[in-house]
Structure formats: C-alpha cells, structure tokens
Amino acid sequence: MLITRLKLKNWRNFKKMEVNLRERVYVIGPNASGKSNLLDVLRFLRDVAKPEGGGFQKAVKDRGGITKLRCLLARKDPEICIEIELAERVDTDPIWRYTLAFKNEGKGSQRPLVSQEKVEDLRTGKVLLNRPDNNKEDKSDPERLTQTHLEQINTNREFREVADFFASVTYLHLVPQLLKHAEVLGGYRMEDDPFGQAFLERIAKTTEKTRGARLTKIEKVLQVCVPNMRKLEFKRDDITNKPHLQALYEHWRPDAGLQREDQFSDGTLRLLGIMWSLLEGNSLLLLEEPELSLNEDIVRQIHKMIWQMQRHAKYRRQIFITTHSEALLQDKSIDPREVIRLEPTKDGTNALESSEEDKALIAAGYSIAETLLPKVKPAQVDQLSLFEP
Amino acid sequence: MTACNLLVAVEDPLSLAATRKLIRVSEREFVITRIMEAGGNTQLKANLSKFKAASYTLPHLVLTDLDSYPCPLALLENWDATMLPPQLLLRIAVREVEAWLLADREGIADFLSVAKIKIPQNPEAEPDPKRTLINLARKSRRRRIAIELAPEAGSSARIGPLYNARLAEFVENAWNVERARTVAPSLDRALLRLNSFMLNP
C-alpha cells in the first residue's frame, strides 16, 4: 500500500496543504521550510498506531503538546487535521481514507482530544467510523476522546490494514558515527532507532537466508559506488558475539583486506542503511538527506539505486526523501510528479506539485535540479557573502 | 501592456546581475521567473538545444561572454545559433560582461576608487576585461577593494573572494547603463534587441 494523497490543516508550519504522492516522493525546499515537519506527520501517525508504547496522547506529548504542533498562524480555527488516502498501487484509485483531527480540551489539564476520527472504505463507499458525531458512547463518555480507534486493536478491527500500515512506517536518518562508536557512546537509544544505532541488531534479527539474499542484492548495487568492495557479509564476533558487517577491500596487494563496519566510510554505511531499509519492510520509508557524506558522483546514482532496490524488494516500499542535493536531482529519470516543493510564505508553508510549466520545461530537456531547485533558493543567498560583521 | 515572463540563462552571478539591470532599465515589463546559472559559456553552448525547445514554453533570454571567439558571428556559427526561435534571445557581451561594467567609466572609477583616466577608453577592445578590472582593483586607493576583488598575491585563483558579490552590488546600485552603452556597442545592441523582444508574437 502507499499514500497517494496527503492533506493537512494547521500542522506545524503548514496552515493548509494538499498534495498527491507517488511511490517516490522527493521533498525539496529551503532550510527551515518544513521538510522534516512534513515527514513528521507520518512519524506521528506511526507513533499513534504502533502497538508498543504508542498512542495518541503519547505521540502528542512527545512532540511537546498541541501548542508546539499547531501552526502558529492558526487563529480562528485551532484544530489540527490530517487526512490521508491510501491506494493498493500507484496510479490506482485509493481504497482507504483516514482522517484525524484534534485540539486542546479547552479547560482543565488541556489534554489533547480527538475532534474527528473518520475511516472510509473507498471501495464500498462505506464510512466505517465517524466519531464523535455518530457515536453515542463518545458523547456519553468524553474520556474516550483522549484516544483514537486507530491505536486500539478492539476498535480498529475493520481497518486493521490501515493501522498496520501506519504502525510500520520507518524513519531513517542514519548517523554513521553513532553506529561506529556505539560501544563508546553507551547503550542509550531512542525509541524506534531513527539514527540507525541498532542497525546491526536489526540485521542480526533476520533469518540467515533472507539476510544473505539481501546482502547479495545490496553488494551488487553498492559495486557502482564502492567498486573495490567484495563479499559483504554478516558475522558475529567470536568472543563478544556482537553482530558485525564485514567486507573485503581489494587493493594493490594480492590479499585483500578484511574490514568491519567501523572502518567503512560514512557514505558506505549510510547507503547500506538506506538499501537495507528499502528491502526490509512493506510500509512507507522516510529518509532524510541521503546525500550526506557522499561524493557527488555517487549522489547522482541515488535515484537509480532506490529504483533498483524498490524493484528487487519483496514488497515495494513507498519512500519519502528530503534533499537539498543538486546532483541527486540532476537525474533525468526522476518524474516531476515525484517532487514536492515547499515554499515558505508569510501565511505558512505551501507544498506544491510540479506545475504544467515545470513539466513542459523538463520535457524540453531541463532536469529537476535546473527547473525546481532555483525556486527553493533563498533570494538573498547571493548576498550572503556580503554580511558586515 | 502585460508583463512577459522570462527564463534567464547566464554564466555566473555577475552576468545575472547585469541581466537583471538591463531588464530594469529596458522600456519593457519583463519578469524573470526562472534562472539558470550554467557556470560557463561551454555549458551554455551545451544547453542551447534545450533552450530552443523550452523557449516555446517560456521565452528565454541568454547572455554569454564572447571570450576567445574572434567575433560574435563566429560564436553563433560555432554554437549553431544563427537561426534561433523568436522566443529565444541570445546576446553576447564583447568580450566579457566586465567590459560592459568598465564602459561606465565614471561609475566604475568611483566604485574602484581609481582615477577615471586609468579606465580604458574602448572596453570592448580589451582582450581580457576581467583581468583589466582586477588589475584596476589592485591599484585602488581603498585597500578593501583590492583584497575583496583581487586574488591574493601568489594565488593562481582567477578572482578574489567577494568579486562577484561586490560587483553585483555595483551593477545593481551604481552602474549607469545609459552611459555605458555609448562606448560598448554590444551592450547598446543588447538593449535595443531587448526592447523589441517578444513584441510581435
């Protein structure tokens, strides 16, 4: 399944926005335009839906409460609303629509309360859930509005598919140093491991057969970027039993050197993390700036790598990617419909799909980078060098 | 008359600043909606077929330096640009956009803090106007101009760290195009052509 449409109201710096989405979504925009905030909507739904340690109250609290979540420009209408449509495959009609709206209680301890939760099965046109309006129990017991039906297995039975999809959304912003120096840094890890500290354990948990198959696929694609790397393998340390990745690096000496992940380059590790994640799950994958610490020539290959991995994976994951990289967006095979451009205005950030003019210029031979990136460049950046201290 | 949207394709930030200024002083209402900074004139040449095709969607204004081509016609022939669609205006600065800046002799002398007499009389005849300009900056009465515009002694860098930024600032605020066009014929032609560009669709 994939998200084909996302509509937001008063979410962080988006006062109002609505976009159509495809299997790959490149989110571009100037610094502080809200790229990470956009990804955070989906992490939020994941946090609401996840069976362990999740839930609506916690998801809001972890983000500093409603006042931190709500768009500063929201005046008359204090409600935050998220609406999502899911389809089985790209270019097919959506099958689910899930809407979640919430606001502060307005009295007492100011708990966040659900002001609308609606689930529609678009195949049958049936509304499976619409609360609190059509729900007597909600009216008689307002406590119930502190929770969503999405987070409860008793109440999400009819739309379990949707709950599972949200619960298995993955966010990855692998920080190679955290992985390399894991032992020195100690065991503290954030929930859901957004920075890839537990990446090796995740690999360790897969069955040997799956793991081998995935590493072979990854090695093949990695060859483009790290041509002298061979035999990428998973291995446990003989003494400590800790999981490790190792590979042979061929060099001018006849016997190639064996290296462990802590000797891999930062870029190699990030790529490994991205590719593994693409092969691993079946839900949405959120990636922040995959171009970091990579050579430009390799960044140019990222789109192709993602495309190949999506093809080779058992379940094709939808992927959202935030990026600033010109080299990445120079790839002429990127469909302009895959790009969402964020444009900050005085009235909140707008999320824009490619315009007809963008598409016509791209058809004439311009790349996404040439067509869309100059638009996200802050107007004063040329003058940046002229600051007078 | 309604405004006409334009894509501007140039080599570098300084050419962009000059193009913006030309549009501002022109008799027409053009709005730059898209910018392409190609990085150099070989890249502009490589992109020309794209410009031709895309100009049907959005009119293109391309400004390039003549550099080492013997004359503008030689450049056009080499670029296969003798026949261009009417929505694509290609203008050539002889030999570099810096010559257009030097052509406002009073303005540039004042900006660089050098005597007007040191500014060349015929800037389009300068073989390397960028170097001429940098050498003038080195002789500036104000040390800051010299260190910002010229590369450090012994460095083989072509320009100083704030070269583009400072000159762009000059172009925007002080460069007198009317004065400059009297001694820079390629600038004069560029303005004339810009004034009639996209008039008869």
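Since the structure is predicted, the reported quantities are computational estimates derived from the model, not experimental observations.

**Re the packing of helix α6 (residues 105-112) of chain B against helix α9 (residues 163-173) of chain B**
All names here are of chain B.
For step 1, the next point in the chain: For the pair α6 and α9, the least separation of the axes is 11 Å and the interaxial angle reads 135°. It follows that α6 is oblique to α9 by the angle criterion. In this structure, α6 crosses over α9, and the sense of that crossing is right-handed. On the side of α6, the interface is formed by Gly 107, Ile 108 and Phe 111, while α9 contributes Arg 166, Leu 167 and Phe 170.
For step 2, the next point in the chain: The residue inventory of the contact of α6 with α9, partitioned by class, reads four nonpolar, one polar and one charged.

**Description of the pattern of salt bridges**
All names here are of chain A.
For step 1, the next point in the chain: Under the defined criterion, the tally for this structure stands at 46 salt bridges over all chains.
For step 2, the next point in the chain: Note that Arg 63 is salt-bridged to Asp 47, the shortest N-O span being 3.0 Å. You can see Arg 63 sitting in the loop between α2 (56-62) and α3 (66-69) and its partner Asp 47 sitting in helix α1 (residues 35-49), a full 16 residues away along the chain.
For step 3, the next point in the chain: We classify Arg 63 as buried; its relative accessible area is 12%.
For step 4, the next point in the chain: Several salt bridges share partner residues, and in doing so they unite Arg 12, Asp 40, Arg 46, Asp 47, Lys 50 and Arg 63 into one network.

**Thoughts on the pairing of strand β7 (residues 126-131) of chain A**
Residues and elements named next belong to chain A.
For step 1, the next point in the chain: As judged from the five bridges shared by strand β6 (residues 112-121) and β7, these two strands associate in the antiparallel manner. Bridged to Glu 120 within β7 is Val 127.
For step 2, the next point in the chain: In textbook terms, the turn of a hairpin is the stretch between consecutive antiparallel strands, and for β6 and β7 this stretch comprises four residues, one of which, Gly 125, has a positive phi near 75°.

**Digging into the interface of chain B and chain A**
For step 1, the next point in the chain: Taken together, the 18 residues of chain B in the interface contact 17 residues of chain A.
For step 2, the next point in the chain: For the pairing of chain B and chain A, the buried interface totals around 1,500 Å² over both sides, and the portion due to carbon and sulfur atoms is 53%.
For step 3, the next point in the chain: On the chain B side of the interface with chain A, the three residues burying the most area are Arg34(B), Lys50(B) and Thr57(B), jointly 39% of the side's total.
For step 4, the next point in the chain: Where Asp358(A) meets Arg34(B), a salt bridge forms, and the shortest distance between an N and an O atom there is 2.3 Å.
For step 5, the next point in the chain: The interface formed by chain B and chain A holds five residue pairs in polar contact (both at pLDDT 80 or more) in total.
For step 6, the next point in the chain: Looking at the side of chain B that touches chain A, the elements that each hand over two or more residues are β2 (30-37), α3 (48-54) and α9 of chain B.

**Thoughts on the packing of aromatic side chains**
For step 1, the next point in the chain: Counted by the stated rule, this structure contains eight aromatic pairs over all chains.
For step 2, the next point in the chain: Considering the side-chain rings of Phe165(A) and Phe166(A), the 5.9 Å spacing of their centres and the 70° angle between planes classify their relative orientation as edge-to-face. Here Phe165(A) matches Phe166(A) in class, with each residue buried.
For step 3, the next point in the chain: Here Phe111(B) and Phe170(B) contribute two aromatic rings whose centre-to-centre distance is 4.9 Å and whose plane-to-plane angle is 35°, an arrangement assigned as tilted. With Phe111(B) in helix α6 and Phe170(B) in helix α9, this residue pair connects regions lying 59 residues apart in the sequence. Per residue, the accessibility class of Phe111(B) equals that of Phe170(B), and both read buried.
For step 4, the next point in the chain: Site record: aromatic cluster; members linked through ring pairs are Trp11(A), Phe44(A), Phe56(A) and Phe102(A).
For step 5, the next point in the chain: The aromatic ring of Tyr366(A) is capped on one face by Lys50(B), whose charged end is 4.8 Å from the ring centroid.

**A closer look at the environment of Pro30(A)**
Residues and elements named next belong to chain A.
For step 1, the next point in the chain: By the element assignment, Pro 30 lies in the loop between β3 (24-28) and α1.
For step 2, the next point in the chain: On the basis of relative accessibility, which here comes to 13%, the residue Pro 30 falls in the buried class.
For step 3, the next point in the chain: Residues Pro 30 and Leu 342, spaced 312 residues apart in sequence, show a C-alpha to C-alpha distance of 7.5 Å.

Conventions used here
- Residues numbered from 1 in each chain as written.
- Chains lettered and ligands numbered in written order.
- Predicted model: local features only at pLDDT ≥ 70, side-chain atom pairs only at ≥ 80, totals over all residues.
- Heavy atoms only, no water.
- Axes fitted to C-alpha atoms, helices over the stretch in contact; angles between N-to-C directions.
- Helix = DSSP H or I, 4+ residues; strand = E, 2+ residues; numbered from the N terminus.
- Parallel < 35°, antiparallel > 145°, perpendicular 65-115°, else oblique.
- Left-handed = near helix turned anticlockwise from the far one by under 90°.
- Contact = heavy atoms within 4.5 Å.
- Nonpolar A, V, L, I, M, F, W, Y, C, P; charged D, E, K, R; others polar.
- Salt bridge = Lys/Arg side-chain N within 4 Å of Asp/Glu carboxyl O.
- Buried < 20%, exposed > 50% of the residue type's maximum accessible area, 1.4 Å probe, protein only.
- Pairing = 2+ DSSP bridges.
- Buried area = accessible area lost by both parts, 1.4 Å probe.
- Polar contact = N/O pair within 3.5 Å; in protein donor to acceptor, adjacent residues only side chain to side chain.
- Phe/Tyr/Trp six-rings, centres within 6.5 Å; stacked < 30°, edge-to-face > 60°.
- Lys NZ or Arg CZ within 6 Å of the ring centre and 35° of its normal.

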